[in-house]
Amino acid sequence: MSTLEQFSQPDDELSSSKQKQEVKEKMEIKNTATFQEAIQAGNLTEAAAWLELVKSDPKYDARWLDHRSRELMRAFCDAGQLEVAEKYIDYAQSEEGRRGRKEKIERLRNQTT
């Protein structure tokens, strides 16, 4: 293996960052507005993928992530995909927020049983 190949392994941080950027560029979602449009259109998988790609972007702070993850969680709940919605419990900024999200999912589960 050449020295160049050693430095361009997929788990290399630079390579990973470049791959993330390439994936972001191919997505239709480009910002918060198009993220919200995707949710409204029912494109939850794409919205979730975009949120994962940008959650560590310094352009978006913890408050922004809290709000967007709540929107996405609500959409998954409305679609009856409670298992997926659960993933967004820990995205809440505060313990109170996490507790509220957890209670909402539990309430919805109890309604379906």
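Residues numbered from 1 in each chain as written. Predicted model: local features only at pLDDT ≥ 70, side-chain atom pairs only at ≥ 80, totals over all residues. Heavy atoms only, no water.

Caption draft 1: Here's a closer look at the packing of helix α3 (residues 32-40) against helix α4 (residues 44-54). Relative orientation of the contacting elements α3 and α4 amounts to 150°, with a least axis distance of 8 Å. Our classification of the angle between α3 and α4 gives roughly antiparallel. Crossing angle aside, the handedness with which α3 passes α4 is left-handed. Contacts from T32, F35, A38 and I39 of α3 reach α4 at L44, A47, W50 and L51. Its residues assigned to classes, the contact of α3 with α4 shows seven nonpolar, one polar and no charged. (Axes fitted to C-alpha atoms, helices over the stretch in contact; angles between N-to-C directions. Helix = DSSP H or I, 4+ residues; strand = E, 2+ residues; numbered from the N terminus. Parallel < 35°, antiparallel > 145°, perpendicular 65-115°, else oblique. Left-handed = near helix turned anticlockwise from the far one by under 90°. Contact = heavy atoms within 4.5 Å. Nonpolar A, V, L, I, M, F, W, Y, C, P; charged D, E, K, R; others polar.)

Caption draft 2: Just the environment of R101, in detail. Residue position: R101 is located in helix α7 (residues 95-112). As a C-alpha pair, R101 and M73 span 28 residues in sequence and 8.4 Å in three-dimensional space. In contact with R101, not counting residues within four places along its chain, are D66, S69, R70, M73, Y88, I89, Y91 and A92. A polar atom in the side chain of R101 sits 2.8 Å from the backbone oxygen of D66. (Polar contact = N/O pair within 3.5 Å; in protein donor to acceptor, adjacent residues only side chain to side chain.)

Caption draft 3: Quick look at the packing of aromatic side chains. Across all of its chains, the model carries six aromatic pairs by this definition. Site record: aromatic cluster; members linked through ring pairs are F35, W50, Y60 and W64. (Phe/Tyr/Trp six-rings, centres within 6.5 Å; stacked < 30°, edge-to-face > 60°.)

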